[in-house]
Amino acid sequence: MSGLEIDVLMALFAVGLVAACFDAIAGGGGLLTLPALLLAGMSPVEALGTNKLQSTFGSTSSSVAFVRRGHVDWRIGAPLALSALIGSMAGALCAKLLPREVLEAAVPVALIVIGVYFLLKRGLSDADAAAKMPAFVFGFTIAPLVGFYDGVFGPGAGSFYMVGLVSLLGFGVMKATAHTKLANAGSNWGSLFVFALGGTVAWGVGLLMGLGALIGAQIGSRLAMRLGARLIRPLLVTICFILAAKLLSDPANPLRTFTAQLW
């Protein structure tokens with residue numbers, strides 16, 4: 001399987017399982033899976049394509065778990081997933097054309113803002129609040145934009161879906177998490193289709209990690225449904241800050257370069 005040793009393959013399976021567990025609760029699984037694939041010797045492009053394959057298993061598995069427990073409103077969820085899918089396909093097709101430097105600089109800042117939002121927002125619970133925009137407007141504006149970003153770059157897409165669903169549609173944390181997983185599944189399937197057509201997916205490794213992701217996503221989604229906002233909120237805040245720190249730790253990050261020039 002891709003010429004990798006059995007111990008490396010088993011380690012990748014375990015990484016897929018653990019990452020999907022965290023991803024089902026608060027996102028950020030790519031923090032573990034992408035570096036693991038790169039350490040296994042894959043090129044950056046192949047690692048991105050293979051990561052989309054395994055994450056598709058995880059997001060689909062967690063979506064099924066939330067749907068089976070009645071946490072998804074299909075009148076909102078179906079257009080949301082479809083819009084995210086279309087947006088991510090467009091993003092994946094444009095991935096080589098857009099200036100990644102802008103994304104690499106802006107995303108850490110956005111993640112810190114989201115982390116602070118969820119940390120300080122009062123009254124955040126599993127109860128719904130008043131919506132600030134109609135669901136169909138959200139489904140055909142915000143969802144494809146985040147999906148497009150997921151296809152182009154990816155880190156933090158789940159957090160962007162979450163903050164939109166909570167702040168704009170007034171969803172409680174549990175309901176927002178369930179619909180975020182559905183949107184994630186849509187954007188993962190869309191970008192995976194494009195990566196697969198481009199021949200940048202290591203199918204053997206991706207399917208093995210996907211099996212781990214199937215299991216991990218079931219564990220994570222059940223924990224999320226059992227503990228609700230008590231678990232999702234602190235883990236989401238933590239993931240946002242860790243992901244921002246991870247992106248900023250790269251010496252080549254344009255934001256670090258710009259700051260160094262100022263000083």
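Fair warning: this is a prediction, and the values are worked out from it, not measured in the lab.

> How do you make sense of the overall build of the protein when you look at a structure like this?
The helix and strand tally for the protein stands at 12 helices and 0 strands. The C-alpha atoms of the protein give 17 Å as radius of gyration, which agrees with the globular expectation for 263 residues (18 Å, within 12%). C-alpha atoms of the protein, sized along the principal axes, occupy 50 × 50 × 30 Å. Counting every position in the protein, which comprises 263 residues, the buried fraction comes to 50%. Counted over contacts in the protein with a minimum sequence separation of 6, partners at least 24 positions apart contribute 83%. Summed over its atoms, the accessible surface of the protein is roughly 12100 Å², and 71% of this surface lies on carbon and sulfur atoms. For the protein, the distance from the average site of its 17 positive side-chain charges to the average site of its 11 negative ones is 12 Å.

> For this particular structure, what's the right way to read helix α2 (residues 30–39)?
It helps to recall that an α-helix has 3.6 residues per turn; residues three or four apart then point in one direction. Taken residue by residue, α2 has Leu31, Thr33, Ala36 and Leu37 as its buried positions. Turning to α2, the residues buried within the fold contact α1 (6–26), α3 (44–68), α10 (203–227) and α11 (229–248). The positive-phi residue at the C-terminal boundary of α2 is Gly41, with phi of around 105 degrees.

> Would you take a moment to explain the packing of aromatic side chains for this structure?
For any pair of aromatic rings, the description consists of the separation of the ring centres together with the inter-plane angle of the planes. Considering all chains together, one arrives at 3 aromatic pairs under this definition. Considering the side-chain rings of Tyr117 and Phe118, the 5.2 Å spacing of their centres and the 85 degrees angle between planes classify their relative orientation as edge-to-face. Residues Tyr149 and Phe160 carry aromatic rings whose centres are separated by 5.4 Å and whose planes lie at 65 degrees to one another, so their mutual orientation is edge-to-face. Linking Tyr149 in helix α7 (residues 142–152) with Phe160 in helix α8 (residues 157–167), this pair joins segments that are 11 residues apart in sequence.

> Just checking my understanding: could you explain the side chain of Ser191 for this structure?
Inspection of the secondary structure puts Ser191 in helix α9 (residues 173–197). Residues within four places of Ser191 in sequence aside, it is in contact with Lys52, Ser88, Met89, Ala92 and Gly151.

Cut-offs applied
- Residues numbered from 1 in each chain as written.
- Predicted model: local features only at pLDDT ≥ 70, side-chain atom pairs only at ≥ 80, totals over all residues.
- Heavy atoms only, no water.
- Helix = DSSP H or I, 4+ residues; strand = E, 2+ residues; numbered from the N terminus.
- Rg over C-alpha atoms; globule rule 2.2 N^0.38 Å.
- Buried < 20%, exposed > 50% of the residue type's maximum accessible area, 1.4 Å probe, protein only.
- Contact = heavy atoms within 4.5 Å.
- Areas by Shrake-Rupley, 256 points an atom, 1.4 Å probe, with all protein chains shown as cover.
- Lys, Arg positive; Asp, Glu negative; His and termini not counted.
- Charge placed at Lys NZ, Arg CZ, Asp CG, Glu CD.
- Phe/Tyr/Trp six-rings, centres within 6.5 Å; stacked < 30°, edge-to-face > 60°.

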